[in-house]
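Geometric and topological summary
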Amino acid sequence: MAAPMRFCRLTWRRTFLPLQAFASGGTPFRAIQTCSCACSGEKEAELQENPFFSKYKNKIDQFRKENPGEYEAFVEEKKEKREKKRADAATNKEAIKEQMNWIGKNPRFSQNAQQDTGPSPGSFSMAGAKKLESVLKTELIQDKTAEEIGKIWKDYHAQKDALSAVIPKDTYAMLHARTNMCPAFLLPMPREQGYEFFLLQFSGHECHFTPLISFQAHKENAPSCIQIVHYPDLAEEKGIVLMKAEVDTKILTTLEAKFLVDQMTMYYTARSDQRFSIVRNFTVKPTEFDHMVLIRELESLGSALEGQPRPDKTD
């Protein structure tokens, strides 16, 4: 049986105009058509929950009186966007929960990260590292300084869909030790409707980023959207580690990739233990991890990321 049709009951009310209306001999009121149905009241109540509603209430009331049809369409559009955002958030929550359960059962990710079993500060293992000579003619840089090598490295990758960095030896030693302790983590990316989450997984001197939705579908076989390789060949002689990150531009822009890599760097190389403790909690108790902590942390990173274009603000 078809659902009964709902009709909006239209009423006419008289609104008094300013006293200047008498000067032209006009009437001191005008008739305005309004909708008094329950559905309109529900939508408007949701609109009033917006923290900016009171600030623009007068303008909204004027717009509603002069353009009742457009106002109804405006309220309906806002309601649809809110519902979509809530649905996206619910989908994210379920996807994250499923991923947390998988990680919690995988011994590679679930470790006792509270015990620092990594190398001593300033040192790290070269095992499994890709050779710098595979991507750079190392014989041509033997007489170069660390600064000169860094400039050559960055200039070369600036011409490609890739990211690059020159990392001080001690900073990389901390990063490498912590990634051995906590090889997986989750990072949020601001989107127009909420956040998209990405899983990062370290293995030796490499790191792979995967969209959470892709990981949910393919698990460990999910393709990477960012592939980071660190080259520690020059660590002892020059005191630097070179990094490059290849980006799948069908999934992310280089700006979005940089935003994720910057977040990863701040979590794993923070001098204070407070931020890295979030990573440790993710590893120790993944099934109990609250992903909203990451969103709050991202919002608090505004000053640290100041000057960095926000991925959700690009066209």
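Residues numbered from 1 in each chain as written. Predicted model: local features only at pLDDT ≥ 70, side-chain atom pairs only at ≥ 80, totals over all residues. Heavy atoms only, no water.

Here we take up the overall build of the chain. The helix and strand inventory of the chain stands at 10 helices and eight strands. Counting over 315 residues, the chain shows a buried share of 40%. Taking contacts inside the chain between residues at least 6 apart in sequence as the whole, the part at least 24 apart equals 64%. (Helix = DSSP H or I, 4+ residues; strand = E, 2+ residues; numbered from the N terminus. Buried < 20%, exposed > 50% of the residue type's maximum accessible area, 1.4 Å probe, protein only. Contact = heavy atoms within 4.5 Å.)

Attention shifts here to the confidence of the model for the chain. Of the residues in the chain, 66% reach a pLDDT of 70 or more, and the chain-wide mean stands at 75. Contacts of residues 1–39 to residues separated by more than four positions or lying in other chains number 43 contacts, the stretch itself having pLDDT below 50. Confidence drops under pLDDT 50 across residues 112–122; counting only partners more than four residues distant or on other chains, this segment forms 17 contacts. (pLDDT = per-residue confidence, 0-100.)

Another aspect to go through is the packing of helix α5 (residues 169–181) against helix α8 (residues 254–269). The contact between α5 and α8 brings their axes to 9 Å, and the two run at 85°. Judged by the inter-axis angle, α5 sits roughly perpendicular to α8. The segment α5 lies against α8, with T171, M174, L175, R178 and T179 engaging M264, Y267, Y268 and T269. Within the contact of α5 with α8, the residues separate by chemical class into five nonpolar, three polar and one charged. (Axes fitted to C-alpha atoms, helices over the stretch in contact; angles between N-to-C directions. Parallel < 35°, antiparallel > 145°, perpendicular 65-115°, else oblique. Nonpolar A, V, L, I, M, F, W, Y, C, P; charged D, E, K, R; others polar.)

In terms of burial, strand β5 (residues 194–203) is largely enclosed, as eight of its 10 residues are buried. The pairing of strand β4 (residues 184–191) with β5 spans eight bridges and is classified as antiparallel. Bridged to A184 within β5 is Q201. Across six bridges, the pairing between β5 and strand β6 (residues 206–211) is antiparallel. What sits directly across from Q201, in β6, is H208. The hairpin turn running from β5 into β6, its antiparallel successor, is two residues long, and G204 in that turn takes a positive phi close to 65°. (Pairing = 2+ DSSP bridges.)

It is worth spelling out the layout of surface pockets at this point. Computed from the structure, the largest pocket encloses a volume of approximately 400 Å³. Lining of the largest pocket is provided by 22 residues; of these, S164, A165, M243, D262 and T265 occupy positions nearest its centre. Of all the elements in the fold, those that place two or more residues in the lining of the largest pocket are α4 (146–157), β3 (162–168), α5, β7 (226–231) and α8. No other element matches the seven residues that β3 contributes to the lining of the largest pocket. Partitioning the lining of the largest pocket into residue classes produces 13 nonpolar, six polar and three charged. (1 Å grid on protein atoms, 1.4 Å probe; cavity = no way out; pocket = protein on both sides within 12 Å on 5 of 7 lines; lining within 4 Å. Points joined across faces, edges and corners; volume = space filled by probe spheres on them.)

With that settled, the discussion passes to the pattern of salt bridges. Applying the stated rule across the entire model yields 12 salt bridges. A salt bridge links K169 to E236, with the nearest nitrogen and oxygen atoms 3.1 Å apart. Highlighted residues: K169 in helix α5 and E236 in helix α7 (residues 235–238), separated in sequence by 67 residues. You can call K169 buried: its relative accessible area is 18%. Residues joined by salt bridges that share partners form a network here, namely R191, E196 and E256. (Salt bridge = Lys/Arg side-chain N within 4 Å of Asp/Glu carboxyl O.)

Each pair of packed helices can be described by the angle between their axes along with the distance between the axes. At a minimum axis distance of 7 Å, the contact between α8 and helix α9 (residues 273–284) shows a crossing angle of 100°. In terms of their interaxial angle, α8 and α9 are classed as roughly perpendicular. Of the residues in α9, those touching α8 at M266, Y267 and Y268 are R275, F276, I278 and V279. Its residues assigned to classes, the contact of α8 with α9 shows six nonpolar, no polar and one charged.

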